[in-house]
Amino acid sequence: MNASSGKSVVILGATSGVARSVARRFGALGYTVGLAGRDREELEILAADVRARCAVACAILPFDATAFETHADFLDQCAQVLGELPGGVVLCFGYMADQALAQKDFEVARRTIDTNLTGAISILERFAAAYEARGNGFIAALTSVAGDRGRKMNYIYGAAKAGLTAYLQGLRNRLHASGVRVTTIKPGFMDTPMTYGMSLPGPLVASPEAAAKAMVDKITRGKDSVYVPFFWRYIMWIIKSIPERQFKKMSV
Ligand SMILES: NC(=O)c1ccc[n+]([C@@H]2O[C@H](COP(=O)([O-])OP(=O)(O)OC[C@H]3O[C@@H](n4cnc5c(N)ncnc54)[C@H](OP(=O)(O)O)[C@@H]3O)[C@@H](O)[C@H]2O)c1
């Protein structure tokens, strides 16, 4: 396996509202950045922005989380365009459909699971194997507070994110001895296209820039599992403490 300078990162789902800021933060820290996603035009614009702002190399890569058969070649493509297998990977893609629609239409439910969970496992297992063999690297992924407790508002998306959280926990346990760091990031509400038009409690909604700053800080410090912003740890502690006999009657 190739050696790595350690100062390179690939961002999966790089056109997401928060991933754009994550890319800029890594660029500002001097990382070579790979931007992976489906929208080539948007990726080109973002890559030009990262290069101009941060004076670092930034390349784009085609990536579709649900095109599982393409994932086997993805790491080679990363190594080709970045000059090395990247030092780390940050998974930012996600898909949240309207819950009522996902209840009615199994294709929507399946897309939710396929994108957020199956796609994540498919691509992260490739990175895990490569980093384990190399003996270093970092893997970070954005799950959600929605995975901490199932709620009627979004339990299909929440189930996928809960699966991803458990997957990352096991992956961290597996890779610990090999020196590969795995960081679970549980964001609360963020002001991005995913939440556009939703009625959310303003003070609890983080800007993508502030959320990305906290995320990159935790990833580069090798944290295991973090809430972003930090206060969601307390909110979720309260929500998880509510007895099920009460919780099932509530609309939170
Ligand atoms: N926003 C929130 O309040 C919030 C809260 C908790 C957790 N999260 C999680 O945080 C992450 C980032 O959220 P965000 O709000 O920044 O998201 P966003 O702006 O809605 O962007 C979602 C991203 O996922 C990509 N994506 C969707 N399906 C894909 C696929 N099959 N293959 C590749 N890329 C795909 C989209 O790419 P296209 O542009 O090609 O569609 C887009 O770049 C997500 O995992 C989300 O679930 C968000």
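All residue numbers refer to positions counted from 1 along the written sequence of the respective chain. Selection of residues for local features in this predicted model requires a pLDDT of at least 70, selection of side-chain atom pairs for listing and counting requires 80 or more, and totals for whole chains, interfaces and linings are taken over all residues. Remark: hydrogens and water are excluded; side-chain values derive from all non-hydrogen atoms of the structure.

Elements are defined by DSSP. Helices are runs of H or I of four residues or more, strands are runs of E of two residues or more, and each kind is numbered from the N terminus. Take the number of residues in a helix, subtract one, and multiply by 1.5 Å to get its expected span. For helix α7 (residues 208-220), with 13 residues, the first-to-last C-alpha span of 18 Å sits near the 18 Å given by 1.5 Å per residue. Among the residues of α7, Pro208, Ala211, Ala212, Met215, Val216 and Ile219 are the ones counted as buried. Considered in projection along α7, the buried side chains sweep an arc of 125° and stay on one side of the axis. For α7, the secondary structure elements touched by its buried residues are α1 (17-28), β4 (88-91), β5 (137-142), β6 (180-187) and β7 (225-228). Note on classification: 1.4 Å probe, protein chains only; a residue is buried when its accessible area is under 20% of the maximum for its type, exposed when over 50%, partly exposed between these limits. In this description, the arc belongs to the directions extending from the helix axis to the C-beta atoms. Any two residues whose heavy atoms approach within 4.5 Å are treated as being in contact.

Attention now goes to the state of the cysteines. Put simply, a disulfide is two cysteine sulfurs that come within 2.5 Å. In the structure shown here, the tally under the stated rule is zero disulfides. Just so you know, Cys54 is unpaired, no disulfide at all, and the nearest cysteine sulfur is the one on Cys58, 8.4 Å from it. For Cys54, a relative accessible area of 17% puts it in the buried group. Lacking any disulfide linkage, Cys78 is separated from the closest cysteine sulfur, that of Cys58, by 12 Å.

What follows is about the pairing of strand β2 (residues 32-37). Of all six residues in β2, five are buried; the element is thus mostly enclosed. Each pair of strands is called paired provided DSSP finds at least two bridges between the two strands. With five bridges joining them, strand β1 (residues 8-12) and β2 adopt parallel strand pairing. Directly across from Ser8, in β2, lies its bridge partner Thr32. By definition, the crossover connecting two strands over a helix is right-handed if that path, from the first strand to the second, turns clockwise as seen with the strands pointing away from the viewer. Handedness of the crossover joining β1 and β2 through α1 is recorded here as right-handed. Across five bridges, the pairing between β2 and strand β3 (residues 58-62) is parallel. Looking at β3, one finds that Gly34 is bridged to Ala59. What joins β2 to β3 is helix α2 (residues 40-54), and the crossover it makes is right-handed.

Time to look at the sheet that holds β6. Judged by pairing direction, the sheet is parallel, and its seven strands sit side by side in the order β3-β2-β1-β4-β5-β6-β7 without closing on themselves. Bordering the open sheet on either side are β3 and β7, each of which pairs with just one other strand. In this sheet, adjacent strand axes meet at a mean angle of 20° when their direction is disregarded. Throughout, an axis means a line fitted to C-alpha atoms (over the contacting stretch in the case of helices), and angles, computed between N-to-C directions, take values from 0 to 180 degrees. Lying on the sheet, α1 is in contact with β1, β2, β4 and β5; it crosses β1 at an angle near 175°.

Glancing now at the pattern of salt bridges. Every case where a carboxyl oxygen of Asp or Glu lies within 4 Å of a side-chain nitrogen of Lys or Arg is listed as a salt bridge. The final tally for this structure, using the stated rule, is eleven salt bridges. Between Glu107 and Arg110 there is a salt bridge, with the nearest N and O atoms lying 2.9 Å from each other. Of the two residues, Glu107 and Arg110 both sit in helix α5 (residues 106-134), three residues apart, roughly one turn of that helix. By relative accessible area, Arg110 is classed as partly exposed at 38%.

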